[in-house]
Structure formats: C-alpha cells, structure tokens
Amino acid sequence: MVTVEDVRRVALALPRTEEALVRDHVKFRIRGIVYASVSPDETLMGFAFPKEERAALVASEPDKFLMPLPSDERYQWVRVRMAAIDEAEMRELVVDAWRMVVPKRVAAAYDAS
C-alpha cells in the first residue's frame, strides 16, 4: 500500500514542487496549481489527468480509480484508491500529473537528467 510519505518523497523530488496543507488535504503544487492531493484519511489520492480520458480510465478499473468529486469535475482531475496501487504506479501517476502543470522546458530538463 502506498502512503502519503511515499507520495511526498516522489512529489518533492520533482522540480518546482511545493507542499501545502489545505483543509487537511496534503497537496503538491506548482505555483498554486495542484497536481496531486492526498485525502485526510490517506485512502485516496487525487491527481491531474486529462478530462477527456478520465471516464475511460475509471471504466477500465473501477475498483481502483474514481471520478472526481462533483465540485472538482470541471478540473482535469481523477482519484485513485491508495491501497490499490503500488509505488511504481503511484510514481507514474504523480510524475505524469506533474508534467501537466510544469512548464515544458522544466519537464524536458527533468527528462534529460
């Protein structure tokens, strides 16, 4: 099972990431744009994901992925049950979410290193 500490270790290693605590959610963001968030009970992780692809993702593995809360449906966002993923999958989800919000040149420099 993935923990908030695992998510923190991956996210804070990504350039320009800052951590914030907002309404008991641990959030990782770039200049105020949140790309990953862990629920207060640490059972769910929300992450940036293309809006047009999220229904297919949730339909492909409904026991793992969930649609965003109704209040977040306007955002490019989806949620995952942390107990349903391993560290490698969490790393992929977090890094891909980070790529959605960071400047392309920063992502390219990260890839080159």
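Keep in mind the model is a prediction, meaning the values are calculated, not measured.

Calculation notes
- Throughout, a residue's number is its position along its own chain's written sequence, starting from 1.
- For this predicted model, a pLDDT threshold of at least 70 governs which residues receive local features, and a threshold of 80 or more governs which side-chain atom pairs are given and counted, while totals over whole chains, interfaces and linings are taken from all residues.
- For side-chain calculations, the full set of non-hydrogen atoms in the structure is used, while hydrogens and water are omitted.
- We count a stretch as a helix when DSSP gives it H or I for four or more residues in a row; a strand needs E for two or more, and each element gets its number in order from the N terminus.
- Any pair of residues with heavy atoms lying within 4.5 Å of one another is described as a contacting pair.
- Working definition: with a 1.4 Å probe on protein chains only, accessible area under 20% of the residue-type maximum means buried, over 50% means exposed, and in between means partly exposed.
- What counts as a salt bridge is simple: a side-chain nitrogen of Lys or Arg found within 4 Å of a carboxyl oxygen of Asp or Glu.

Colleague: Could you give me a rundown of the environment of isoleucine 33, with the residues and numbers involved?
Modeller: Along the chain, the position of isoleucine 33 falls in strand 3 (residues 33-38). Distance in space between the C-alpha atoms of isoleucine 33 and aspartate 86 is 25 Å, their sequence separation being 53 residues. Every residue in contact with isoleucine 33, bar those within four places of it in the chain, is listed here: Phe28 and Val101.

Colleague: Requested: an account of the environment of aspartate 63, with residues and values cited.
Modeller: By the secondary structure assignment, aspartate 63 is in the loop between helix 2 (51-60) and strand 5 (65-66). Classification of aspartate 63 as exposed rests on a relative accessible area of 58%. When the C-alpha positions of aspartate 63 and valine 80 are compared, they lie 8.9 Å apart, and in sequence the two are 17 residues distant.

Colleague: Please give an account of the pattern of salt bridges that cites residues and values.
Modeller: Scanning the model with the defined rule gives 8 salt bridges in all. With its nearest N and O atoms 2.4 Å apart, the salt bridge here joins arginine 9 to glutamate 87. Pair noted here: arginine 9 is in helix 1 (residues 4-12) and glutamate 87 is in helix 3 (residues 87-101), with a separation of 78 residues, a long-range link. Owing to a relative accessible area of 33%, glutamate 87 belongs among the partly exposed residues under this scheme.

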